[in-house]
Amino acid sequence: MAETIDTPAPKALPFAHTDLLDTAELTAKEIRFLLDQAESFHEINERQVKKVPTLRGATIMDCFFEPSTRTRSSFELAGKRLSADVINFSAAASSLKKGESLRDTARTLAAMGTDLIVVRHPASGAAAYLAHELEVPVINAGDGCHAHPTQALLDLFTLRRALGRLSGLKVAIVGDITHSRVARSNLLAMRTLGVETRVCAPPTLLPAAVERYGCRVFYRMADAIEGVDAIMMLRIQRERQGGGAFPSLREYAHNYCLTRSHLALAAPGCVVLHPGPINRGVELAHDLADGPESRILDQVTAGVAVRMAVLYLFWQQHGSRQ
Amino acid sequence: MPDLVLKNGRVIDPAHAIDATTDIAIRHGRIAALGDGLDGAESIDCTGLVVCPGLIDLHVHLRDPGQEWKEDLLSGGRAAAAGGFTTVCCMPNTLPTNDTGAITRDMVERAADGPVRILPVGAITRGLAGEALAEIGEMVTAGAVAISDDGCGVQDSHLMRRAMEYAKPFEIPVVIHPQDDHLFGHGVMNEGWRATELGLAGIPSAAEDVQIDRDIRLSALTGTPLHVAHLSTTGGVELVRRAQGAGLLVSAEVTPHHLLLTDTDMPAYDPDWKMSPPLRSAADREAVVAALADGTIQAIATDHAPHAPEEKERPFDDAPFGVIGLETCLGVVLALVREGRISLADLIHRLTAGPARLFGLDGGHLGVGARADLCCFDPEARWRVEPERFYSKSRNCPWAGRELTGRPLHTITGGRVVCRDGAVTDAR
Ligand SMILES: [Zn+2]
């Protein structure tokens, strides 16, 4: 498939979305198509020369209204490897709260005349609002606690590579589900793909009616992990203990830190994922983070490929409308 | 000869169990007679219209003084008149707070010439800060009809007890915005699947219920009447019903939006659907509708809460709470009659005599000699809600674009026609 990437032929896409706001809006076929495209880019990323001319002349605006190192670098690298001009537009969330409305931000972005906008914002719904206001495709790089579709896609990409399939897998997601856009986007995509999901956390970190995602709910790690093919550990925001969600990091780690002894309960060949950055000793035992089960670095690599696929497909989608 | 006769309308006066097609004569600002074949200096043909007491809203925010870009006494009064209201009670969360007799008097004086009667509600605590009592006696003397810290729940239970004790001699109800701030937290919509799905922080029903429970107990302790504003939960309805069953002086109001909408109806992240208390579940909606029908809830109140577009056009988390409702109320709640949930007479009661009794207001009925406050509405008129055409200065309305059935046409306040054919007579 790589040859079609070097000289992209106009190809009928299996979907008509103009923006990528969440995995909820994608069908199983569409998700598989995106992952297949990402495979081609992944191959490019393994070459010595990693740059392709696909998006030469296109301008991508990465708008981060919330601090982010990983996602931002990943999108920037993805854009640059596609030969796009990548521009960073950043505003501290605090200054946004003070003055400029999201509408004015949207109008400013529109006036700059970019071809694609990648947005991260601390408020749930901000990406949808910008997509509504803007003609150009908007890629959601995380909005509040709501959605983070490219993270879910890269997690799925990593799982599919590691385990050879998605449908029928059993996956446990452990940690702060309430505040996690990563968990939400994964749960929605996994339901669509026929992955059996479980969530595990203290009840204080589970949102109301979480079972409506089609997942089973557990409070104890040993129960949640029994027989699973993959475990996705979520980052704990240290400030949550102030909110009374748990008494101390020590007690949290005692109950929810993944250790090697847990893995014995999982299915043979079980892999471990984490969206990073890891709190070693809180979410993951030190040795597990670097162990053979860990696919954490694969996730980082997959992130670039998946984002290249997303940028390429949505840019192409928009180009074909003009 | 009467000054004005409303001819041939379907007169519904729940306070007197009247439902008949007849004429109403008005003289010197009072109801002079009901009967067939009346004549006056002026007459308005009300054939096909319902003629009822002017609507009474116990709960509006008119933003005056201090936030006149959102609303003021005149624009709010015009919005009320256009909605068929002849009396509105305005909440004290103005800038400065209505917590002294001087501010209450200023509001009463400035509102005197407006199209509707505006009756201030004074604050319970100074600056709504929940720390020290406001000058309740001074405000009542100046014309306050109730006290409330609306917008905030009084967190200090001892202070609330003191407020209720102190208010007792003034014979006014204490109106609560029941909200436990710790349970409310940073919530922005009802806690439940919809909030989870949207990644928004939830507000549990318990945040409302625990203060209703507490204040019912304090009402029992002090003997002061308690009025629960904008009741929205199943649990709250049960608490109020049980208190009434025990003979306590506990009443409640409900908003049109809590009667008709639920959290799952909300378009994703639309700030014009953000209010406090939030839209609740379908079961909660059922509970408040049933309570309205069985009389547990005696008043429909709009909680008209104007905000400028630039204030609402923010991410959902940051947008202020509140929606406007004066100009849509009647058209919205008439749907309950068509759904067979409540009779037309009972619905009108909850908009007139019901609220009048709760705040001890004169009005709300059409007895001879009563204030000539009337609302004439076409129960069959279909119209589309276009906020840009509102008399209110604000546009934050969840009903925008909806088609409603039933529209107020003529509003008469103290014998003056303040709205005719849907147009406020002193405006435009
Ligand atoms: Zn209130």
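A quick note: this is a predicted structure, and the numbers were derived from the prediction, not measured.

Asker: Help me understand the overall build of chain B, please; the structure alone is not making it clear to me.
Answerer: In terms of helices and strands, chain B carries 14 helices and 19 strands. Against the compact-globule benchmark of 22 Å for 428 residues, chain B has a radius of gyration of 20 Å, which places it among compact chains. In terms of its C-alpha atoms, chain B occupies a principal-axis envelope of roughly 60 × 45 × 40 Å. Within chain B, contacts between residues separated by at least 24 positions form 76% of all contacts whose residues are at least 6 apart in sequence. Where the 39 positive side-chain charges of chain B centre and where its 60 negative ones centre are 2 Å apart.

Asker: Mind showing me how you'd approach the coordination of the zinc ion here?
Answerer: In a perfect tetrahedron of four donors around a metal, the angles come out at 109.5 degrees. In a perfect octahedron of six, they are 90 or 180 degrees. Residue and element names in this part refer to chain B. Looking at the metal site, the zinc ion is ligated by Asp150 (OD), His177 (ND1) and His230 (NE2), spaced 1.9 to 2.2 Å from it. Within one chain, the residues donating to the zinc ion are spaced in sequence as D-x26-H-x52-H. Linking His177 in the loop between strand 10 (174-176) and helix 5 (181-184) with His230 in the loop between strand 13 (226-228) and helix 8 (234-245), this pair joins segments that are 53 residues apart in sequence. A relative accessible area of 1% means that His230 is categorised as buried.

Asker: Can you help me understand the interface of chain A and chain B in this one?
Answerer: Often, the extent of an interface is quoted as the loss of accessible area on bringing the components together. Across the boundary between the two partners, chain A contributes 21 residues, which contact 14 residues of chain B. Across the chain A/chain B interface, buried area totals approximately 1,400 Å², and carbon plus sulfur atoms make up 56% of it. Counting every contact that joins chain A to chain B gives 0 salt bridges. The interface formed by chain A and chain B holds 5 residue pairs in polar contact (both at pLDDT 80 or more) in total. Elements with a minimum of two residues in the side of chain A that touches chain B: helix 4 (93-98) and helix 5 (102-111) of chain A. Grouping the amino acids of the side of chain A that touches chain B by side-chain chemistry returns 9 nonpolar, 6 polar and 6 charged.

Asker: Please clarify how the pairing of strand 18 (residues 416-420) of chain B should be interpreted in this entry.
Answerer: Along any regular strand the residues' side chains alternate between the sheet's two faces. Residue and element names in this part refer to chain B. When strand 17 (residues 403-413) meets strand 18, the two strands line up antiparallel, connected through 3 bridges. Looking at the pairing, Thr413 lines up with Arg416 of strand 18. Between the antiparallel neighbours strand 17 and strand 18 lie 2 residues, among them Gly414 with a positive phi of about 55°. Pairing geometry for strand 18 and strand 19 (residues 423-424), over 2 bridges, is antiparallel. Bridge pairing links Cys419 to Val424 in strand 19. Here strand 18 folds back onto strand 19, and the loop between the two strands holds 2 residues, one of which, Asp421, carries a positive phi near 50°.

Asker: Hey, could you run me through the sheet that holds strand 2 (residues 85-90) of chain A in this one?
Answerer: For sheets, the rule is that strands pair by backbone hydrogen bonds, running either parallel or antiparallel. Residues and elements named next belong to chain A. Ordered in space as 2-1-3-4, the 4 strands form an open sheet in which the pairing is parallel. Among the strands making up the open sheet, the edge pair consists of strand 2 and strand 4 (138-143). Across the sheet, the mean angle from the axis of one strand to that of its neighbour is 15°, orientation sign disregarded. On top of the sheet, helix 6 (residues 126-133) reaches strand 3 (116-121) and strand 4; it is set at about 160° to strand 4, its chief contact.

Asker: Just checking my understanding: could you explain the domain arrangement of chain B for this structure?
Answerer: Residue and element names in this part refer to chain B. Assigned domains within chain B: domain 1 (4-51 + 370-424) and domain 2 (54-358). Averaged C-alpha coordinates put domain 1 and domain 2 at centres separated by 25 Å. Between domain 1 and domain 2, the buried area comes to about 3,300 Å², and carbon and sulfur atoms account for 65% of it. Ranking the residues of domain 1 by area buried against domain 2 places Lys393, Asn396 and Trp399 at the top, with a combined share of 22%.

Asker: Even after reading the chapter, I still don't get the layout of surface pockets, so can you show me in this structure?
Answerer: Residues and elements named next belong to chain A. Of the voids in this model, the second largest pocket is the one considered here, and its volume is about 950 Å³. Lining the second largest pocket we find 36 residues, and of these Arg120, Arg181, Arg235, Gln237 and Gly276 sit closest to its centre. Elements with a contribution of two residues or more to the lining of the second largest pocket: helix 3 (70-81), helix 7 (149-163), helix 8 (181-193) and helix 13 (296-321). When residues in the lining of the second largest pocket are grouped by element, the largest group, 6 residues, is from helix 13. Residues belonging to the lining of the second largest pocket are distributed by class as follows: 12 nonpolar, 15 polar and 9 charged. The residues that make up the lining of the second largest pocket include at least three from each of domain 1 (23-147 + 301-319) and domain 2 (149-296).

Asker: Would you take a moment to explain helix 10 (residues 249-256) of chain A for this structure?
Answerer: Because the α-helix completes a turn every 3.6 residues, residues three or four places apart line up on one side. Residues and elements named next belong to chain A. For helix 10, every residue scored as buried is listed here: Leu249, Tyr252, Ala253 and Tyr256. With its buried residues spanning 95° around the axis, helix 10 presents them on a single face. Turned more than 90 degrees from where helix 10 packs its buried face, Arg250 and His254 sit exposed. Against the buried residues of helix 10 lie strand 5 (170-174), strand 6 (196-200), helix 9 (221-225) and strand 8 (230-233).

Asker: I tried to follow the pairing of strand 3 of chain A on my own but got confused; where do I start?
Answerer: Residues and elements named next belong to chain A. Extensive coverage of strand 3 is indicated by the burial of 6 of its 6 residues. Side chains Leu116, Val118 and Arg120 project from strand 3 onto one buried face, and the interleaved Ile117, Val119 and His121 project onto a second face that is buried too. Note: strand 1 (residues 59-64) against strand 3, 5 bridges, orientation parallel. Bridge pairing in strand 3 places Ile60 opposite Leu116. Taken together, the 4 bridges between strand 3 and strand 4 define a ladder with parallel strand orientation. For Val119, the partnering residue across the bridge sits in strand 4 and is Asn140. The parallel pair strand 3 and strand 4, bridged by helix 6, forms a crossover whose chirality is right-handed.

Asker: Help me understand unusual backbone geometry, please; the structure alone is not making it clear to me.
Answerer: In terms of backbone geometry, most residues other than glycine have negative phi values and most peptide bonds are trans. Of the consecutive residues Asp64(B) and Pro65(B), the connecting peptide bond is found in the cis state with omega at 10°. When you line up the elements, Pro65(B) lands in the loop between strand 6 (55-60) and helix 1 (73-82). For the bond from Leu95(B) to Pro96(B), the omega torsion is 0°, close enough to zero to count as cis. Here Pro96(B) is to be found in the loop between strand 7 (85-90) and helix 2 (101-111). With a phi angle near 60°, Ala209(A) is a residue other than glycine that sits in the positive phi range. Ala209(A) sits in the partly exposed class, given a relative accessible area of 23%. Positive phi values are uncommon outside glycine, yet Asn8(B) reaches one of about 60°.

Asker: I keep staring at the packing of aromatic side chains and nothing clicks. Help me out?
Answerer: A ring pair, where both rings are aromatic, is described by two values, the distance of the centres and the angle of the planes. Residue and element names in this part refer to chain A. Following the criterion strictly, the structure yields 7 aromatic pairs over all chains and no others. Seen in terms of ring centroids, Phe41 and Tyr312 are 5.7 Å apart; in terms of plane orientation they differ by 65°. Their pairing is edge-to-face. A residue pair is termed long-range when its members are at least 10 positions apart, and Phe41 in helix 2 (residues 28-45) and Tyr312 in helix 13 qualify at 271 residues. Accessibility expressed as a relative area gives 4% for Tyr312, which makes it buried.

Asker: I tried to follow the environment of Glu238(B) on my own but got confused; where do I start?
Answerer: With respect to the secondary-structure elements, Glu238(B) resides in helix 8. Taking the C-alpha atoms as reference, Glu238(B) lies 9.9 Å from Val288(B); in sequence the two are 50 residues apart.

Here is what the cut-offs are and how they apply
Residues numbered from 1 in each chain as written. Chains lettered and ligands numbered in written order. Predicted model: local features only at pLDDT ≥ 70, side-chain atom pairs only at ≥ 80, totals over all residues. Heavy atoms only, no water. Helix = DSSP H or I, 4+ residues; strand = E, 2+ residues; numbered from the N terminus. Rg over C-alpha atoms; globule rule 2.2 N^0.38 Å. Contact = heavy atoms within 4.5 Å. Lys, Arg positive; Asp, Glu negative; His and termini not counted. Charge placed at Lys NZ, Arg CZ, Asp CG, Glu CD. Donors = N, O, S within 2.8 Å, 3.2 Å for Na, K, Ca; no water. Buried < 20%, exposed > 50% of the residue type's maximum accessible area, 1.4 Å probe, protein only. Buried area = accessible area lost by both parts, 1.4 Å probe. Salt bridge = Lys/Arg side-chain N within 4 Å of Asp/Glu carboxyl O. Polar contact = N/O pair within 3.5 Å; in protein donor to acceptor, adjacent residues only side chain to side chain. Nonpolar A, V, L, I, M, F, W, Y, C, P; charged D, E, K, R; others polar. Pairing = 2+ DSSP bridges. Axes fitted to C-alpha atoms, helices over the stretch in contact; angles between N-to-C directions. Domains from an automatic or database assignment. 1 Å grid on protein atoms, 1.4 Å probe; cavity = no way out; pocket = protein on both sides within 12 Å on 5 of 7 lines; lining within 4 Å. Points joined across faces, edges and corners; volume = space filled by probe spheres on them. Arc of directions from axis to C-beta. Right-handed = clockwise from strand over helix to strand, strands pointing away. Phe/Tyr/Trp six-rings, centres within 6.5 Å; stacked < 30°, edge-to-face > 60°.

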